[in-house]
Amino acid sequence: MKCACGNIQTAYDLANERFAAMGVDTESVLAKLDEVPISIQCWQGDDVRGFENPDGELTGGIQTSGNYPGRARNGDQLRADLDLAFAQIPGRKRLNLHAIYLESNSQVDRDAIEPQHFERWVNWAKTRDLGLDFNPTCFSHRLSAQGLTLSHPDPAVRRFWINHCLACRKISDYFGKELGSPAVMNVWIPDGYKDQPADRYSPRKRLLDALDEITSAPLGNNHKVAVEGKLFGIGAESYTVGSNDFYLAYAATRKVLLCLDAGHFHPTESVADKISTALLYLDEILLHVSRPVRWDSDHIVLLDDPTLAIARQVVRGDALSRVHIGLDFFDASINRIAAWIIGARNMRKALLMALLQPTETLLEAEAKWDLTARLALFEEQKSLPWGAVWEFYCASKNMPAGIEWLETVRNYEKNTLTKRDATL
């Protein structure tokens with residue numbers, strides 16, 4: 001692998017030698033890195049508004065902060081924004097859609113959505129060699145206003161949300177069949193109570209029965225179902241029906257995927273540490289990589305210790321083929337396209353840094369109880385020139401190696417994004 005940039009190539013050649021001395025083959029690392037798909041969330045581009053009712057109020061603990069100009073207001077705008085962002089993000093990518101991003105000429109309620117309402121997304125994905133993932137949208141709806149959906153005591157409300165999830169399974173299967181790559185459909189619900197409930201058992205029993213109906217329906221083999229827990233949410237501070245222990249048990253007994261969201265646990269918990277446990281009981285899991293700041297605030301992913309720890313656990317556990325990596329943040333305080341680029345590039349950088357670790361040597365040292373060598377290797381690799389490998393990787397893919405992508409985004413903002421608000 002070569003790149004046309006002389007300085008970048010020279011720096012990479014030197015870095016290659018350094019890593020080789022540690023027993024790491026950078027060429028093999030970059031080949032593996034390039035094939036790891038990252039599923040990028042569509043909802044960063046429009047503040048989780050969707051196209052069902054773009055000016056509606058967000059509910060269910062979903063909240064964006066900021067009012068940066070230029071959010072997407074229809075599918076064409078959102079796809080154009082994604083095209084610009086994806087052109088700055090190296091490596092294989094997927095797009096993660098929510099059900100509210102349907103496109104229809106007439107009003108369609110969520111229990112009646114069909115594959116035809118997402119044909120434009122599929123056609124767009126085909127021309128870009130992208131996979132699509134999917135999510136039922138069990139919030140910001142008149143029937144989620146009481147804070148309960150699949151666990152609601154009213155059978156009619158519960159039936160609506162079950163039918164919505166069943167419809168989403170059909171759409172997910174359509175994605176997988178059309179694109180030749182199974183879609184991961186992730187079920188997250190906001191269900192819970194602001195104050196202490198009198199009955200904690202019954203809502204969970206109703207949720208269990210509803211999920212069983214959803215997951216057991218024979219609706220194709222081109223998609224995979226995941227379930228996502230949460231510690232608490234706004235308006236559900238005292239009791240969350242779909243807790244992590246509920247969903248871990250559900251996923252293990254029903255053989256569906258468990259989604260671990262980096263923002264859905266207590267701040268002192270390590271999401272990375274949960275990966276190895278989940279993989280003992282499950283064939284595959286889903287990650288939603290986010291950044292909580294004091295609560296599930298969905299800040300843009302940084303190249304920080306929690307993100308690095310997640311990447312390292314996946315790599316050291318030889319689990320890249322068993323872990324689906326998705327992003328989940330929505331920040332309206334900065335340029336939304338820049339948010340995608342920063343977060344996705346950081347996730348890819350974290351994977352690179354994890355792959356550049358001398359994993360086999362570390363494991364051998366640990367197996368021999370040579371804990372001195374293990375600690376020395378952990379620390380020594382931190383100062384190795386991984387940045388030179390990253391810049392070479394980007395340049396070899398005709399992607400911006402450094403901050404030059406920001407000028408591209410600024411020009412797009414000036415010529416496109418600011419004009420959207422001016423026409424309102």
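Residues numbered from 1 in each chain as written. Predicted model: local features only at pLDDT ≥ 70, side-chain atom pairs only at ≥ 80, totals over all residues. Heavy atoms only, no water.

> Got a sec to walk through the overall build of the chain? Specific residues and values, please.
The helix and strand tally for the chain stands at 14 helices and ten strands. Taken over the C-alpha trace, the chain has a radius of gyration of 22 Å; the compact-globule value for 424 residues is 22 Å, and the two agree within 12%. Its C-alpha atoms give the chain principal-axis dimensions of roughly 65 × 55 × 40 Å. By residue count, 55% of the 424 residues in the chain fall in the buried class. Put simply, the chain shows about 18400 Å² of open surface, and 51% of that area lies on carbon and sulfur atoms. Side chains of the chain carry 47 positive and 56 negative charges; the gap between the two charge centres is 1 Å. (Helix = DSSP H or I, 4+ residues; strand = E, 2+ residues; numbered from the N terminus. Rg over C-alpha atoms; globule rule 2.2 N^0.38 Å. Buried < 20%, exposed > 50% of the residue type's maximum accessible area, 1.4 Å probe, protein only. Areas by Shrake-Rupley, 256 points an atom, 1.4 Å probe, with all protein chains shown as cover. Lys, Arg positive; Asp, Glu negative; His and termini not counted. Charge placed at Lys NZ, Arg CZ, Asp CG, Glu CD.)

> Outline empty space enclosed by the protein, supporting the account with residue identities and numerical values.
Taken as a whole and assessed by the stated rule, the structure comprises two cavities of 30 Å³ or more. Roughly 200 Å³ of internal volume is contained in the largest cavity. Forming the boundary of the largest cavity are 18 residues, of which Ile62, His98, Trp188, Glu228 and Asp328 lie nearest the centre. Looking at the lining of the largest cavity residue by residue, the class counts come to seven nonpolar, five polar and six charged. Taken as a whole, the second largest cavity spans an internal volume of roughly 50 Å³. Residue lining of the second largest cavity: Gly45, Pro69, Gly70, Arg71, Asp81, Arg336, Ile337, Trp340 and Leu417, and that is the complete set. No other element matches the three residues that helix α10 (residues 336-355) contributes to the lining of the second largest cavity. Across the lining of the second largest cavity, the residue classes tally to four nonpolar, two polar and three charged. (1 Å grid on protein atoms, 1.4 Å probe; cavity = no way out; pocket = protein on both sides within 12 Å on 5 of 7 lines; lining within 4 Å. Points joined across faces, edges and corners; volume = space filled by probe spheres on them. Nonpolar A, V, L, I, M, F, W, Y, C, P; charged D, E, K, R; others polar.)

> With reference to specific residues and values, describe the nonpolar core.
Leu97, Trp121, Leu150, Phe175 and Leu287 are the most contacted members of the largest nonpolar core, which has 132 residues in total. Top element by residues in this core is α10. It accounts for 13 residues. When near neighbours in sequence (up to four residues on either side) are disregarded, tryptophan 121 contacts Phe51, Leu78, Arg79, Leu82, Leu95, Leu97, Tyr101, Glu103 and Leu132. (Core = buried A, V, L, I, M, F, W, Y, C linked by side-chain atoms within 4.5 Å. Contact = heavy atoms within 4.5 Å.)

> Any details on the packing of helix α4 (residues 119-128) against helix α5 (residues 155-179)? Residues and values, ideally.
Two elements in contact, α4 and α5, have axes separated by 10 Å at closest approach and are oriented at 30 degrees. When the axes of α4 and α5 are compared, the pair comes out roughly parallel. Note that α4 runs across α5; the crossing there is right-handed. Counted together, Glu119, Val122, Ala125 and Lys126 of α4 and Tyr174, Phe175, Glu178 and Leu179 of α5 form the full contact between these two elements. Taken together, the residues that form the contact of α4 with α5 break down as five nonpolar, no polar and three charged. (Axes fitted to C-alpha atoms, helices over the stretch in contact; angles between N-to-C directions. Parallel < 35°, antiparallel > 145°, perpendicular 65-115°, else oblique. Left-handed = near helix turned anticlockwise from the far one by under 90°.)

> Please give an account of helix α13 (residues 386-396) that cites residues and values.
Helical periodicity: at 3.6 residues per turn, an α-helix aligns residues three or four positions apart in one direction. Considered for burial, the residues of α13 that qualify are Ala388, Val389, Trp390, Phe392, Tyr393, Cys394 and Ala395. Here the buried face of α13 lies against α1 (6-21), α2 (26-35) and α10. Taken from the residues just after α13, asparagine 398 is the one with a positive phi, measuring 55 degrees.

> Describe the pattern of salt bridges, with residues and values.
Two side chains of opposite charge can pair, provided their charged atoms sit close to one another. In the structure shown here, the tally under the stated rule is 25 salt bridges. With a shortest N-O distance of 2.8 Å, aspartate 47 and arginine 336 are connected by a salt bridge. Of this pair, aspartate 47 sits in the loop between β1 (38-41) and α3 (75-86) while arginine 336 is found in helix α10, placing the two residues 289 residues apart along the sequence. A relative accessible area of 6% places arginine 336 in the buried class. For lysine 224, the salt bridge goes to glutamate 284, with nearest N and O atoms at 2.8 Å. On the criterion of sequence distance, the pair formed by lysine 224 in strand β6 (residues 223-228) and glutamate 284 in the loop between α8 (271-281) and β9 (285-289) is long-range, its members being 60 residues apart. (Salt bridge = Lys/Arg side-chain N within 4 Å of Asp/Glu carboxyl O.)

> Pulling in residues and values, what's your account of the packing of aromatic side chains?
For any pair of aromatic rings, the description rests on two quantities: the centre-to-centre distance and the angle between the ring planes. Following the criterion strictly, the structure yields 14 aromatic pairs and no others. Pairing phenylalanine 246 with tyrosine 247 gives two aromatic rings, centres 5.2 Å apart and planes at 85 degrees, and the pair type is edge-to-face. By the burial criterion, phenylalanine 246 is buried, and tyrosine 247 matches it. Where phenylalanine 246 meets tyrosine 250, the ring centres are 6.4 Å apart and the plane angle is 10 degrees; that geometry is what we call stacked. In this pair, phenylalanine 246 and tyrosine 250 both sit in helix α7 (residues 244-254), four residues apart, roughly one turn of the helix. (Phe/Tyr/Trp six-rings, centres within 6.5 Å; stacked < 30°, edge-to-face > 60°.)

> Lay out the packing of α2 against α10 in plain terms, naming residues and giving numbers.
Where α2 contacts α10, the two axes come as close as 10 Å, and the packing angle between them is 145 degrees. The two elements α2 and α10 cross, and the hand of that crossing is right-handed. Together, Val29, Leu30, Lys32 and Leu33 of α2 and Arg348, Leu351, Leu352 and Leu355 of α10 make up the contact between the two elements. Of the residues assigned to the contact of α2 with α10, the class counts are six nonpolar, no polar and two charged.

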